[in-house]
Amino acid sequence: MGVDFVGVPIYEFECEECGAGFEELVAAGTATVACPECRSERTRRLISAVSPPGRTPRGARVRSDEARRRETVAARQDRIVESRKRRAAGEKP
Ligand SMILES: [Zn+2]
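Note that this is a predicted model, so its numbers are computed, not measured.

A. Seen up close, the packing of aromatic side chains. Evaluation of the coordinates by the stated rule reveals 1 aromatic pair. Relative to F22, the ring of F13 has its centre 5.6 Å away and its plane inclined at 15°; by these criteria the two rings are stacked. There is no split in this pair, since F13 and F22 are both buried. Over the aromatic face of Y11 sits the side chain of R45, whose NZ or CZ is 4.2 Å from the ring centroid.

B. Spatial organisation of the coordination of the zinc ion. Taken together, the protein donors to the zinc ion comprise C15 (SG), C18 (SG), C35 (SG) and C38 (SG), at separations of 2.3 to 2.4 Å. Here the donor residues of the zinc ion are spaced in sequence according to C-x2-C-x16-C-x2-C.

Criteria and thresholds
Residues numbered from 1 in each chain as written. Predicted model: local features only at pLDDT ≥ 70, side-chain atom pairs only at ≥ 80, totals over all residues. Heavy atoms only, no water. Phe/Tyr/Trp six-rings, centres within 6.5 Å; stacked < 30°, edge-to-face > 60°. Buried < 20%, exposed > 50% of the residue type's maximum accessible area, 1.4 Å probe, protein only. Lys NZ or Arg CZ within 6 Å of the ring centre and 35° of its normal. Donors = N, O, S within 2.8 Å, 3.2 Å for Na, K, Ca; no water.

Pasting the structure below:
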């Protein structure tokens, strides 16, 4: 992977603690970025959001990463809703 200094190095991160997604300007070589939501440093860099000029690389991959992230979030929310429903059904007075 080449480092491109033409664009602003914006990277997309995902927090492994709370699942928050965020973008951060980071210098090349920055190892960890704390989550803005929970301050955890267990964050993953997903993809570079910067497209080098004159190329349109990895469009499909960006989209599939984004879709996968949405699915993960949706699945998590589904689980929360499910457990709430179950609790509501089971805890009838
Ligand atoms: Zn977090």
